[in-house]
Structure formats: structure tokens, C-alpha cells
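# Observations on the three-dimensional arrangement
The chain contents come next:
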Amino acid sequence: MKIEVKNQNLENSKCDALIVNLFEGITNPGGGTGSVDEALDGLIKRIIKEEEFKGSLGSNLVIRTNGAIPAKKVIVVGLGKKEKFDISSARKAMSASLRCAKREKAKTVCTILHGAGTGGLEANELGQAIGEISHLALHSFDKYKSKEKDSPKNEIQTIIIIEADKKKVKAIETGVKRGSTIAKAQILARDLVSEPALAATPTMLANVARQVAKENNLKIKVLDRADCLKLGMGAYLSIAQGSEEPPKFIEIKYTPKGKHKKHIAIIGKGVTFDSGGLSLKPAGSMETMKDDMSGAAAVIATMSTMKEIQPKVAITMIVAATENMPSGTAIRPGDVVRAMNGKTIEILNTDAEGRVTLADAACYVVKQKPDEIIDLATLTGACVVALGDTACGVMTNNQAFAEKVIKAGNETGERMWQLPLFDEDREKIKSDIADMINTGSKGKSGAQNGAVFIEQYVNDIPWVHIDIAGPSWIDKENEWGAKGPTGVGVRTLINYLTNYA
Ligand code: BES
Ligand code: MN
Ligand code: ZN
């Protein structure tokens, strides 16, 4: 799909669908919508008057132009109430109108930039939004469908953004380019999570990571079981020991051109399938457990943008990929294992495996003394109970750092909500026979319980833990995309690394 920006006359634009907009309650549209209405002899005004279209956010009105203008159809998208309008409404309007155009089988779409006129939003920001939304909202994972696979003729091929103000064109173009890059990365993350665990093994993740590194000129290291054993990663390997699939410990490094002030580590939980291990999950809870590598997918996808985005900070990406399976060689509840830093863990529940793999990932990267560590993990069901699939849970040992990450996330539409870490929580991971247990008090292990465990391995380096267990998978489509894997975290990370780090 091509996205272009043109400074041309709206009414004379030739296309299958021409998208304009309307704020709720407006009966006499001005701007682009007004001029299209005039060219249609006041038809839009009449429809509004007859109350067949009210302009509520995301609603669509489709009009056949019958040759009155070169566009075959006009789509009017509702922007909702003007007082409530913001970047999030603009994204919703973009998504709804483009999906409508797709349903109408449009191949070439012309659109005004919702929010650029009286909406008062910035051209660059809106350009990025449409770059992101147009790819994300229209994406579907259908490689395993033999029949329904979208034929290319049913896809939007070109989106032309029509901007009346010539001075804004450059800024919109810059935004569109950045937005498209981010969206393509997020789609990579989504597709990796959508892949069944049969295909998306630790080996496959390592291969994708190699490809990403190659395309972006990044250094990559993939450690196998023997390498990890030599390094003393007894925690990570204990989770991998029940699986026939070999574990892969993946490290990618980005170094910016010129001097850099900061080195940031990003770690993604990479459990390619979480059966729970011997503490086996019930069938229902296992259905979506191929998504337990959503954190890994997000950090690998983030690295796939390095060539385009070029942040000014050094970045080390870590994924300790493994399956979590029950078998005769699997770790048993009650076993004690030793992480790379020497700390011992009593594994009380083999289904609390994520934190155990992350312990060694953190130990490994801490040796490089990064200035900051961010981990993304589908870590706890408790976080899903607390925040649903609306927001990620953020936990930290450094409040100022967390606030920056939360802001970076919320700006991109990835909602972040902080959960507290109390000393009482830290008490609860003490073990009778080892340094710590991998659970908490019986039946009361929360999201914070996983966090205080990981905290033991980051050595006081400023650290933000993002529990993405909820938002990594949605059961109902939203403006950003279809139901299923979301690729959450990619937009937050890229925004943080380029604008806040
Ligand atoms: N991968 C799961 C967490 C999860 C749950 C992710 C639901 C996505 C949706 C994690 O490994 C897990 O099983 N956590 C346990 C921990 C418990 C045994 C202490 C949980 O949250 O139930
Ligand atoms: Mn688990
Ligand atoms: Zn898990």
C-alpha cells in the first residue's frame, strides 16, 4: 500500500472513495467537507438535515456521486463532539473511514487529514497517525486460510492525503514515513505472535532476529543451551529442560552513529508456548499461550526499525527464548535452581516460568552496565484481572524513569498504568530453603509479585517492568486492528527510545 500527500483540489480528485469528515452537531459543514458538499449540490447538508447522519465518532456515511465529481463515492466520517476531539479521536476516525473504504472495495482512496483543520492538531502528528493506522487497521493474518485469503484486488492500494495548505505537506510526509515504519514493525510483532507455537519456536525467533539484524546492520549473538550452561544460566535453562525444542538466547545490539550518552537494555519475555509445565494449565487457559512471546516479538520488531528510526541511544535487546513444557525431564515444583548471579530460586510453581527466564536475561545484560532496563512480559494473569486488555501494568524501581515510559506509551495510544511495589511484597518471595521462591503467598500472587522477583536481578539499575499479559491479545477488534495479537509495546518502545531516552 502506497501513501502519498498531495496539495490538490479535493472535488477534482479522481479516486474510488473520497473521505471527508463531520463534527457531531454541525449542520453546515465548512472546509473540505463544505466544498465537496457544494460540488454535490448540497446533498451532504440535506442528509444531515434529515438526520440520517449525525457525525458521531467513527460513524460513516457513504454517498455515490453518480458522476457529479470524479470520485466514485464520498465517505463522510463522524469526528464526534468537537470539545472532546483529540489525537485519539482522529485515529478512530481514520481507522473507521479506511475500513469503510475497504468494505466499499475502493482501491484508490483520497482523504483529508482528520483534525488538521478546525480540529487544531499538528500536521506531523496526524501524518504519523495515518501512517500507523492505515497499515495496522487494515492488516489481517490469513496465511493459514486457504479460501478467504484476501485477494489483492480487494485491498486498498493507494491512499492519497489531500492537504489544502501547501506548507504542511512536508511535515505530513515525514509523519507518514515514520508512522508506516512503526506500523510495519508492529505488524511483524503481531504476525510472530499469530504464528502457532509449532512454527514460532525459539529457533524460528532466532532466525527472524538474525534477519532483522542483517537488514539493519546490527550485531547479533545467539547462544544455545551449551553456551548458556557455561555462563551459569541455571534459571533460564531449568525452564527449557522439559522441552524438545532447543532454547535460544538472543542478543541484538544497536550503536548510534556519533557519540551517545545512554545505553538502554530492552528485554522481552520469549516463552514460545506456555503449557504451565508440570504445574499444567487447564485447557482453556492454554488456548492462547502461543502469545507468551509477545514481549520478545515486540523487542525484535523494535530492532527492525533501527535503520529507519536511528535513535541517539545505544540499545541492547535480549530475548531468552524457550518453551515451557511438561515432560520426564521437566523442572519439578520444589526444585531449586541457580541464576547466573548466584542467587537460588525454589520453583514452587512451574507456571511462573516467565520471571525465571527473565532473571538470567537480566543478569546477563546487567554485566554490560546499561543505564536503563525495560522489560516487556506477558507475565501474570493477575495483571489481566487488574487492568483487563485495556492497559499494561507498569512497575519500577525508579519513579522518574517509569513516568517517562508511561507518558511515552500513553502518547502512542498504548495505555500504561502503574502498580505499586511495596516492601511487604518483597517479603513475600522469601524461601525457606533458597534465596527466593518464584511465586508469592498462596492464591494471592499478583502482578507485583512477578515484578519484585525480577527486581532481584536488575541490581538497582533504573528498571521498568511492563506486564503486557492483558493488551497483548484482544478479543474484539479496535481502531488499531483485528482481534487477536496486538503487537503491543512496539509503539511505546520506539517513542521512548527516540523522544524520551
Ligand atoms: N504466561 C502466563 C501469564 C499470562 C496469563 C499471560 C494470561 C497471558 C494471559 C504466566 O507464565 C503465568 O502462567 N503466570 C501465572 C503465575 C502464577 C502461577 C504465580 C499466573 O499468572 O497465573
Ligand atoms: Mn506460565
Ligand atoms: Zn508464561
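Our structure's up above, just so we're on the same page.
Notes on the structure in this doc start here. Not measured: the values here are computed from a predicted model.

Scanning the protein chain from N- to C-terminus turns up 17 helices and 19 strands. A globule of 501 residues ought to have a C-alpha radius of gyration of about 23 Å, and the protein chain, at 25 Å, matches this closely. The dimensions of the protein chain, computed from C-alpha atoms along their principal axes, are 80 × 50 × 40 Å. Among the 501 residues that make up the protein chain, the fraction classed as buried is 58%. Sequence-distant contacts in the protein chain: of pairs separated by 6 or more residues, those separated by 24 or more amount to 77%. Carbon and sulfur atoms form 50% of the exposed surface of the protein chain, whose accessible area is close to 21,500 Å². Averaging the positions of the 67 positive and the 61 negative side-chain charges in the protein chain gives two centres separated by 5 Å.

Before going further, it helps to examine the environment of Lys-428. With respect to the helices, strands and loops of the structure, Lys-428 is situated in the loop between helix H15 (423-427) and strand S16 (436-437). Overall, the relative accessible area of 40% leaves Lys-428 in the partly exposed class. Expressed as a C-alpha distance, the spacing of Lys-428 and Gly-440, which sit 12 residues apart in the sequence, is 5.5 Å. Lys-428 has contacts with Ile-437, Thr-439, Gly-440 and Ser-441, leaving out every residue within four places of it along the chain.

As a further point, take the site of ligand 1. Looking at ligand 1, there are 15 residues lining it, with Lys-281, Asp-292, Asp-351, Glu-353 and Gly-381 nearest. Between ligand 1 and Lys-281, the relevant distance is 2.8 Å, taken from an oxygen atom to a side-chain nitrogen or oxygen of the residue. In this structure, Asp-292 approaches ligand 1 through a side-chain N or O atom, which is 2.8 Å from a nitrogen atom. For ligand 1, whose unbound accessible area comes to 520 Å², protein coverage reaches 79%. When atoms are counted within 2 Å of each cavity's grid points, the one that captures over half of ligand 1 is the largest pocket. Across the shell around ligand 1, the residue classes tally to 4 nonpolar, 4 polar and 7 charged.

For helix H12 (residues 354-366), which comprises 13 residues, the first-to-last C-alpha distance of 18 Å matches the rise-based estimate of 18 Å (1.5 Å per residue) to within 8%. Summarising burial for H12: 13 of the 13 residues are buried, a large majority.

Quantified by volume, the largest pocket comes out at close to 850 Å³. What lines the largest pocket is a set of 34 residues, among which Lys-281, Leu-379, Thr-380, Gly-381 and Ala-382 lie closest to the centre. Going through the elements one at a time, strand S9 (263-274) and helix H13 (381-387) are the ones with two or more residues in the lining of the largest pocket. The leading source of residues in the lining of the largest pocket is H13, at 3 residues. Grouping the amino acids of the lining of the largest pocket by side-chain chemistry returns 8 nonpolar, 14 polar and 12 charged.

Moving on, we get to the coordination of the zinc ion (ligand 3). Taken together, the protein ligands of the zinc ion (ligand 3) are Lys-269 (NZ), Asp-274 (OD), Asp-292 (OD) and Glu-353 (OE), with distances of 2.0 to 2.4 Å. Between consecutive donors of the zinc ion (ligand 3), the numbers of intervening residues give the motif K-x4-D-x17-D-x60-E. Metal-to-metal, the separation of the zinc ion (ligand 3) and the manganese ion (ligand 2) is 3.1 Å; Asp-274 coordinates the two. Both residues of the pair, Lys-269 and Asp-274, belong to the buried class.

A few words now on the pattern of salt bridges. Under the criterion given, the structure shown has 22 salt bridges. Between Arg-99 and Glu-477 there is a salt bridge; the shortest N-O distance is 3.4 Å. A residue pair is termed long-range when its members are at least 10 positions apart, and Arg-99 in helix H3 (residues 87-103) and Glu-477 in the loop between strand S18 (473-474) and strand S19 (484-485) qualify at 378 residues. In this structure Glu-477 comes out as partly exposed when scored by relative accessible area, which is 49%. One salt bridge in this structure joins Lys-167 and Asp-165, with 3.9 Å as the shortest N-O distance.

It is worth spelling out helix H6 (residues 202-215) at this point. Its 14 residues place the ends of H6 20 Å apart at the C-alpha level, agreeing with the 20 Å of an ideal helix rising 1.5 Å per residue. Turning to H6, the residues buried within the fold contact helix H5 (169-194), strand S7 (219-223), strand S8 (248-254), S9, helix H10 (294-303) and strand S10 (314-324). A positive phi of about 55° marks Asn-217, the residue just after H6.

Of the protein atoms, only Asp-274 (OD), Asp-351 (O), Asp-351 (OD) and Glu-353 (OE) coordinate the manganese ion (ligand 2), at distances of 2.0 to 2.2 Å. Mapped onto the sequence, the residues coordinating the manganese ion (ligand 2) show the spacing D-x76-D-x1-E. Overall, the relative accessible area of 22% leaves Asp-351 in the partly exposed class.

Look at H10 against helix H17 (residues 490-500): their axes get within 9 Å of each other, and the N-to-C directions meet at 45°. Considered as vectors, H10 and H17 are oriented oblique to each other. Pair H10 / H17 crosses with right-handed handedness. Across from Ala-298, Val-299, Ala-301 and Thr-302 in H10, the residues of H17 making contact are Val-490, Leu-493, Ile-494 and Leu-497. When its residues are assigned to classes, the contact of H10 with H17 shows 7 nonpolar, 1 polar and no charged.

Parameters and conventions
Residues numbered from 1 in each chain as written. Chains lettered and ligands numbered in written order. Predicted model: local features only at pLDDT ≥ 70, side-chain atom pairs only at ≥ 80, totals over all residues. Heavy atoms only, no water. Helix = DSSP H or I, 4+ residues; strand = E, 2+ residues; numbered from the N terminus. Rg over C-alpha atoms; globule rule 2.2 N^0.38 Å. Buried < 20%, exposed > 50% of the residue type's maximum accessible area, 1.4 Å probe, protein only. Contact = heavy atoms within 4.5 Å. Areas by Shrake-Rupley, 256 points an atom, 1.4 Å probe, with all protein chains shown as cover. Lys, Arg positive; Asp, Glu negative; His and termini not counted. Charge placed at Lys NZ, Arg CZ, Asp CG, Glu CD. Near = heavy atom within 4 Å. Polar contact = N/O pair within 3.5 Å; in protein donor to acceptor, adjacent residues only side chain to side chain. 1 Å grid on protein atoms, 1.4 Å probe; cavity = no way out; pocket = protein on both sides within 12 Å on 5 of 7 lines; lining within 4 Å. Sits in = over half its atoms within 2 Å of the grid points. Nonpolar A, V, L, I, M, F, W, Y, C, P; charged D, E, K, R; others polar. Expected span 1.5 Å × (residues − 1). Points joined across faces, edges and corners; volume = space filled by probe spheres on them. Donors = N, O, S within 2.8 Å, 3.2 Å for Na, K, Ca; no water. Salt bridge = Lys/Arg side-chain N within 4 Å of Asp/Glu carboxyl O. Axes fitted to C-alpha atoms, helices over the stretch in contact; angles between N-to-C directions. Parallel < 35°, antiparallel > 145°, perpendicular 65-115°, else oblique. Left-handed = near helix turned anticlockwise from the far one by under 90°.

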